[in-house]
Amino acid sequence: MLSRPRRNRKSQVIRDMVQENHLRASDLIFPLFIIDGQNKKTEVSSMPGIYRYSIDLLLKEVESCMNLGLKTFDLFPNIEESKKDKFATESLNKDGIYLKAIREVKKYFPESCVITDVAMDPYSSDGHDGLVENGEILNDETLDILAEMSLAHAEAGADIIAPSDMMDGRVGYIREALDSQGFTNTSIMSYTAKYASAFYGPFRDALESAPKFGDKKTYQMNPANQREALIEGAFDVEEGADFLMVKPALAYLDVIKLLKDNFDLPIAAYNVSGEYAMIKAAVQKGWLEESRTITEVLMGMKRAGADVILTYHAKEVLEKGWI
Ligand SMILES: NCc1[nH]cc(CCC(=O)O)c1CC(=O)O
Ligand SMILES: [Mg+2]
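Heads up: these notes are all about the structure in this document. This is a predicted model, so every value here is computed, not measured.

Reading the values: rules and limits
- Residues numbered from 1 in each chain as written.
- Chains lettered and ligands numbered in written order.
- Predicted model: local features only at pLDDT ≥ 70, side-chain atom pairs only at ≥ 80, totals over all residues.
- Buried ≥ 20, exposed ≤ 12 C-beta atoms within 10 Å, placed from the backbone.
- Helix = DSSP H or I, 4+ residues; strand = E, 2+ residues; numbered from the N terminus.
- Pairing = 2+ DSSP bridges.
- Right-handed = clockwise from strand over helix to strand, strands pointing away.
- Axes fitted to C-alpha atoms, helices over the stretch in contact; angles between N-to-C directions.
- Parallel < 35°, antiparallel > 145°, perpendicular 65-115°, else oblique.
- Left-handed = near helix turned anticlockwise from the far one by under 90°.
- Contact = placed C-beta atoms within 7 Å.
- Near = placed C-beta within 6 Å.
- Nonpolar A, V, L, I, M, F, W, Y, C, P; charged D, E, K, R; others polar.

1. Comments concerning the pairing of strand β11 (residues 267-271)
Logical step 1: For β11, the tally of buried residues reaches five of five residues, placing the bulk of the element in the interior.
Logical step 2: Across the two faces of β11 the burial is the same, with Ile267, Ala269 and Asn271 and Ala268 and Tyr270 all buried.
Logical step 3: Bridging between strand β10 (residues 243-247) and β11 involves three bridges; their strand directions are parallel. Counted as the bridge partner of leucine 244 is isoleucine 267 from β11.
Logical step 4: For the crossover from β10 across helix α8 (residues 253-262) to β11, the handedness is right-handed.
Logical step 5: As paired strands, β11 and strand β12 (residues 308-311) are joined by four bridges and run parallel to one another. Bridging across to β12, alanine 269 finds its partner in isoleucine 309.

2. Examining the packing of helix α4 (residues 140-156) against helix α5 (residues 170-180)
Logical step 1: The geometry of α4 relative to α5 is characterised by a closest axis approach of 9 Å and an angle of 45 degrees between their N-to-C directions. In terms of axis orientation, α4 runs oblique to α5. Between α4 and α5 lies a crossing whose hand is right-handed. Note on element contacts: α5 touches α4 through Arg170, Tyr173, Ile174, Ala177 and Leu178, opposite Leu143, Leu146, Ala147, Ser150, Leu151 and Ala154.

3. Brief notes about the site of ligand 1
Logical step 1: As a matter of local geometry, ligand 1 sits amid Asp117, Ala119, Asp121, Asp129, Ser164, Asp165, Tyr200, Phe203, Arg204, Lys216, Val272 and Ser273.
Logical step 2: Classifying every residue of the shell around ligand 1 gives four nonpolar, two polar and six charged.

So this is what it looks like as structure tokens:
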């Protein structure tokens, strides 16, 4: 036996030396949930350890993350039912919690990177990502609302806009709207391949944003499809996206790898709410060892080709020194 791969595993020093992939604070994006009120912090029951914060406490949470070297945040609002309507009007309210949160985070932490979610669902009385007419989710009519929302986010100080709705043509439409108003430096992280997944359940609990009828299968992708992600990726590149995202991550590592091999833009993986809940539940039952499970899962996403990972584990892995 001339070749013995085990020689490169014989000590910790050598294992570290030949390690191919690494996880760093700068690879991670932390999603944060916002609620109305003062001094409010409510745990998402299906996501132990994850809270919805009123803006005052959100700023404290951002500060403690910044101190850990975690500097990129993706903000999501929990909007009161009474403020929802068919047109997502509340999304443009300058005094509403979302635009205010963006302004405040950027004001107190100008060196942070704020990503904003562009889609109608948190504000929609239909609970869908697009405008609904006679039970149909309209594409082109939704684009204007998304463009207005993007402009409001950019004006509030967002560094990166992340359209998460899977409408066709939205990246180009938003890019042109931003550019026409002088926001040529506002980036777009496209939810390029977002699947109609069962793993979004806990997120919809967090936002109380589940669809009021039907499902999202006419806009989100079929979990059985891989090549279709290449069609979506090519359009997003052409339309001026700065990042391509795959979501969820764990059941779609092949799609992460496919986009990485075919496009030169940075690839983001969204380690979604259900993936977080699954691990936490098994850990609570004593069935899985927490730190090793979480770091193995995140490393799998890096190995598949993710340049950045949106994950609810972002803060804990740094706080507890797991990476
Ligand atoms: N625009 C909706 C949106 N943006 C992010 C998530 C899910 C994130 C997660 O599960 O962590 C969803 C849910 C959905 O499509 O219904
Ligand atoms: Mg698309």
